[in-house]
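Structure assessment
What follows is the residue order along each chain.
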Amino acid sequence: MYAQMVKTASDGVKSREDMSPEEAAFQAKIDADIKIEPRDWMPEDYRRTLIRQIGQHAHSEVVGQLPEGNWITRAPTLERKMILLAKVQDEAGHGLYLYSAAETLGVSRDEMVEMLHAGKMKYSSIFNYPTLNWADIGAVGWLVDGAAIINQVALQRTSYGPYSRAMIRICKEESFHARQGYSAIMKMAFGTPEQKRMAQHAVNRLWFPALMMFGPSDKDSVHSEQSMAWKIKIKTNDELRQQFVDQTVPQILYLGLELPDPNIKWNEERGHYDFSDPDWSEFFNVLKGNGPCNTDRMKDRVGAWEDGEWVRDGLMAHARKKQARKDAAKIAAE
Amino acid sequence: MADVDNKALFEFLVRMGDNTLILGHRVSEWCGHSPILEEDIALANTALDLLGQTKMWLDYAGKVQGEGKSADDLAFLRDAWDLRNVLLVELPNGDFGQTLMRQFLFDAYHSIILGHLLKSSDDEVRAIAQKASKEVAYHLERSADTVVGLGDGTPESHRRMQAALDYLWPYVGEMFETDDIDRAMASAGVAPEPSGLRADYDALVGRVLADATLTIPEGKFAHKGGRNGYMHTEHLGHLLCEMQWLQRAYPGCEW
């Protein structure tokens, strides 16, 4: 997942009568569950919204390397270190697929990266929270990837073909991530008192930020309606959040940890768990750049990009020289 | 297989395993900070291969040692003087050029020695070499290509790669030092004497660095003290502080 608060580039859902023939044909395809492909006609607003959504998702995968990378060099066993490296490598790979999917909409990866660095594009709020102890790594896999999967499973049915196909591939890897996260946190929760304390601390800190990953409550989510009509959003924020809570609470109980919210209770009538809303003012603050790690995350990414400029320039210069030598040899041979 | 002194075999195995352990750790430090996304993936992949090899070498070392130690015990509970990696791999990453030059200088040695270990008289050594040599062939291809690309790139990339080579070259010689342990391994047919690998190394490295338009420093001096544990660099202790912290702070846990 990792796309939240994506501003839909439209003034609201148009009625059939207000649509041009092209728009009506486009909407009919979507309603019939026919995928939209890069060369198909599409409304400009659909294209722009998707670039925002897929771009934000790609940036999240890339920035998401940082909180987990924070523990690679301190992983406690060779096996845990290898699992974590493999996971972070997968995330970078997801970033690549998603940038490629966005590129089919006519924007380059470099342009998107520049927009991220200039603060014009966002990444998921969750990655602005720190990873403070080893149990956080288990909790990130279990809760953060777990939340992401709930959204991404739905997005496998999204209307834009390249995005949908990227999601299908990504979901397979994400479910491995969530399982390894839960297995890591099980070791902690069932381990020594210190390990259990780390696990509890991780769950307490990451619970509400994980709930925020689904975006604001439906009543405050102004962008959903058009995106749902276009099937680039499949379920509402609140539906997805409830699904996550229902799935995760029994897992917390199984670990023997305290619930991170005293208001979590099974509601027989609704057939769902009740729970407290996250503190939305905190969420909006994080989006504005005031999360615990926003400044450091961007400093790391911009720094990596700037420090790497000479490498990219060097390799490009070499590729040009090589081509020129090849061309010269060809001419000489003729 | 001829009679092998287990102490010497253990030393040989931890030399192999500590090289990959420490280099894998260094490479993993790049996570999320490389010049381009494809390089983040490639660096993570290299680190992952090296750690997988570490596990195989140190598992076997633990068995040979016969004190019931696992690969994790050896990786996370030995102090610097017991580590047997060459100094080259514990040197800091520096810029991306220095990291890739260090990788290339090690990959070239690593691919040559693994080629010989495919014919080892020791079944387990041979099996590890079979798996590792495929991975390392790819590491070498990638690091050599990058060294050539950056050496023969822009004036700035050339200058940085030459500086990296000048800094790292005095650490190359240690990989080819031969001592009693190496002689014991060679006479048992387990592993070649490192000094005998130098000619192939010079030919391989000379070819790539010439393509990279880089000049091999003239000095013959070689820093040493890593593979016998006599004198590591100051850098290793800091690396171990980070790598071993959880195991040291919370001993006896399962993770």
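Remember, it's a predicted structure, so these values are computed and weren't measured experimentally.

In terms of regular secondary structure, chain A is built from 13 helices and two strands. A principal-axis box enclosing the C-alpha atoms of chain A has dimensions of 75 × 60 × 35 Å. Excluding contacts between residues fewer than 6 apart, the proportion of contacts in chain A whose partners are at least 24 apart in sequence is 77%. Per element, the accessible surface of chain A, about 14800 Å² overall, is 53% carbon and sulfur.

On to the interface of chain A and chain B. Chain A puts 47 residues into the contact, and the matching count from chain B is 49 residues. Taken as a group, Thr-73, Leu-78 and Trp-310 of chain A account for 20% of the area that chain A buries against chain B, more than any other trio of residues on that side. Summed over the shared surface of chain A and chain B, the result is four salt bridges. Taking the shortest distance from any N to any O, the salt bridge between Lys-321 of chain A and Asp-152 of chain B comes out at 3.1 Å. Counting the contacts that link chain A with chain B gives 17 residue pairs in polar contact (both at pLDDT 80 or more). Mapped onto the side of chain A that touches chain B, the elements with two or more residues apiece are α3 (65-72), α4 (78-103), α7 (161-189), α8 (193-212), α12 (294-307) and α13 (309-333) of chain A. With 13 residues, the single largest contributor to the side of chain A that touches chain B is α4 of chain A. Looking at the side of chain A that touches chain B, its residues break down into 23 nonpolar, twelve polar and twelve charged.

Another point: the packing of helix α6 (residues 123-151) of chain B against helix α7 (residues 155-168) of chain B. All names here are of chain B. Look at α6 against α7: their axes get within 7 Å of each other, and the N-to-C directions meet at 125°. It follows that α6 is oblique to α7 by the angle criterion. On α7, the residues that touch Val-147, Leu-150 and Gly-151 of α6 are Ser-157, His-158 and Met-161. Class assignment of the residues belonging to the contact of α6 with α7 gives a composition of three nonpolar, three polar and no charged.

Analysis parameters
- Residues numbered from 1 in each chain as written.
- Chains lettered and ligands numbered in written order.
- Predicted model: local features only at pLDDT ≥ 70, side-chain atom pairs only at ≥ 80, totals over all residues.
- Heavy atoms only, no water.
- Helix = DSSP H or I, 4+ residues; strand = E, 2+ residues; numbered from the N terminus.
- Contact = heavy atoms within 4.5 Å.
- Areas by Shrake-Rupley, 256 points an atom, 1.4 Å probe, with all protein chains shown as cover.
- Buried area = accessible area lost by both parts, 1.4 Å probe.
- Salt bridge = Lys/Arg side-chain N within 4 Å of Asp/Glu carboxyl O.
- Polar contact = N/O pair within 3.5 Å; in protein donor to acceptor, adjacent residues only side chain to side chain.
- Nonpolar A, V, L, I, M, F, W, Y, C, P; charged D, E, K, R; others polar.
- Axes fitted to C-alpha atoms, helices over the stretch in contact; angles between N-to-C directions.
- Parallel < 35°, antiparallel > 145°, perpendicular 65-115°, else oblique.

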